[in-house]
Amino acid sequence: MKRIAIYPGSFDPVTNGHLDILKRGLKLFDKIIVAILHNPGKSSLFSVEERIDMLSRSLKGMPNTEIDTFDGLLVDYAARRKAHAILRGMRAVSDFEYEFQMALMNRRLNREIQTVFLMTGLRWIFTSSSIIKEAARFGGNIEGMVPAFVLRKLEAKFKESQP
Ligand code: COA
């Protein structure tokens, strides 16, 4: 039986912190489906298509991965994809309460699917897509925090939006 995990998130955009969790997860699972939450109600910098494109370029060297999008309940999506686990990264302590709440609700909704938390590499403890976007918006140096082509996409996006 293949051990399949879903790694869900907004990935707006993918960061090296996400890739760190994914690499760690691939040591535990046979396959990881990176699932972008398709949520038209949430404003995002990049379209779902752009996020898929950045993810697929980032996952080139990781054969046991797949990229997909989903809406609705995560556990329903996980069941449809025959996954056994939801993979989440744990960064600073501040992640704990929110992740705990979500994992317990997901368990209540579907007892068959386990949430697996992996601790992020120390370098990524305080990174998030928003903080990276904010630094990039004001011309801060975010090299090394995202893949090089994501860096270029961010620069282009903020240039576009300048008057
Ligand atoms: N490295 C760097 N940043 C990371 C990270 C890591 N390892 N892990 C998470 N992050 C960041 C993300 O970039 C994101 O940053 P942002 O808020 O600045 O954009 C932030 O942490 C939140 O993480 P993310 O995983 O993208 O999204 P989320 O917290 O909005 O959760 C779902 C998304 C998809 C897991 C959740 O909303 C969901 O399951 N939705 C479906 C409905 C559902 O079933 N809800 C639960 C039960 S009711």
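Residues numbered from 1 in each chain as written. Predicted model: local features only at pLDDT ≥ 70, side-chain atom pairs only at ≥ 80, totals over all residues. Heavy atoms only, no water.

### Topic: the site of the ligand
Around the ligand sit 24 residues, and of these Leu-74, Arg-88, Tyr-98, Ser-129 and Ser-130 come closest. Side-chain polar atom of His-18 to an oxygen atom of the ligand: 3.3 Å apart, as the coordinates give it. Contact between the ligand and Ser-129: an oxygen atom at 2.7 Å from a side-chain N or O atom of the residue. Coverage of the ligand by the protein amounts to 80% of the 950 Å² it exposes when considered alone. Per element, the largest residue contribution to the shell around the ligand is four residues, and it comes from helix α4 (residues 94–109). Partitioning the shell around the ligand into residue classes produces ten nonpolar, eleven polar and three charged. (Near = heavy atom within 4 Å. Polar contact = N/O pair within 3.5 Å; in protein donor to acceptor, adjacent residues only side chain to side chain. Areas by Shrake-Rupley, 256 points an atom, 1.4 Å probe, with all protein chains shown as cover. Helix = DSSP H or I, 4+ residues; strand = E, 2+ residues; numbered from the N terminus. Nonpolar A, V, L, I, M, F, W, Y, C, P; charged D, E, K, R; others polar.)

### Brief notes about the pairing of strand β5 (residues 114–119)
Bridge analysis of strand β4 (residues 85–90) against β5 gives six bridges, and the strand direction is parallel. Among the inter-strand pairings, Ala-85 is bridged to a residue of β5, identified as Gln-114. The parallel pair β4 and β5 is bridged by α4, and the resulting crossover is right-handed. (Pairing = 2+ DSSP bridges. Right-handed = clockwise from strand over helix to strand, strands pointing away.)

### Quick look at the sheet that holds strand β2 (residues 31–37)
Ordered by their spatial adjacency, five strands build an open sheet running β3-β2-β1-β4-β5, and the pairing between neighbours is parallel. Every interior strand has two partners, whereas the edge strands, β3 (65–70) and β5, have only one. With direction set aside, neighbouring strand axes in the sheet form an average angle of 35°. (Axes fitted to C-alpha atoms, helices over the stretch in contact; angles between N-to-C directions.)

### A closer look at a nonpolar patch on the surface
A surface patch of nonpolar side chains, amounting to about 410 Å² of accessible area, comprises Val-93, Phe-96, Phe-100 and Leu-104. Tracing the backbone through its elements, the reader meets Phe-100 in helix α4. (Patch = residues over 30% accessible without salt bridge, like charges linked within 9 Å, V, L, I, M, F, W, Y side chains within 5 Å. Salt bridge = Lys/Arg side-chain N within 4 Å of Asp/Glu carboxyl O.)

### Points about helix α2 (residues 48–58)
Listed as buried for α2 are Val-48, Arg-51, Met-54, Leu-55 and Ser-58. For α2, the angular spread of buried residues about the axis comes to 125°, placing them on one side. (Buried < 20%, exposed > 50% of the residue type's maximum accessible area, 1.4 Å probe, protein only. Arc of directions from axis to C-beta.)

### Topic: the pairing of strand β1 (residues 4–9)
Most of β1 sits out of view: six of its six residues are buried. Taken together, β1, helix α1 (residues 16–25) and β2 constitute a β-α-β crossover, and its handedness is right-handed. Bridge analysis of β1 against β4 gives two bridges, and the strand direction is parallel. The residue bridging Ala-5 from the neighbouring strand is Ala-85, located in β4.

### Points about unusual backbone geometry
Following Asp-12, the chain continues into Pro-13 via a peptide bond in cis, with omega recorded as 0°. Relative to the assigned elements, Pro-13 resides in the loop between β1 and α1. For Phe-11, which is not glycine, the phi torsion reads 50° and is therefore positive. As for its position among the elements, Phe-11 is in the loop between β1 and α1. Judged by relative accessible area, which is 3%, Phe-11 ranks as buried. Backbone geometry at Lys-82 places phi at a positive 55°, although glycine is not the residue there.

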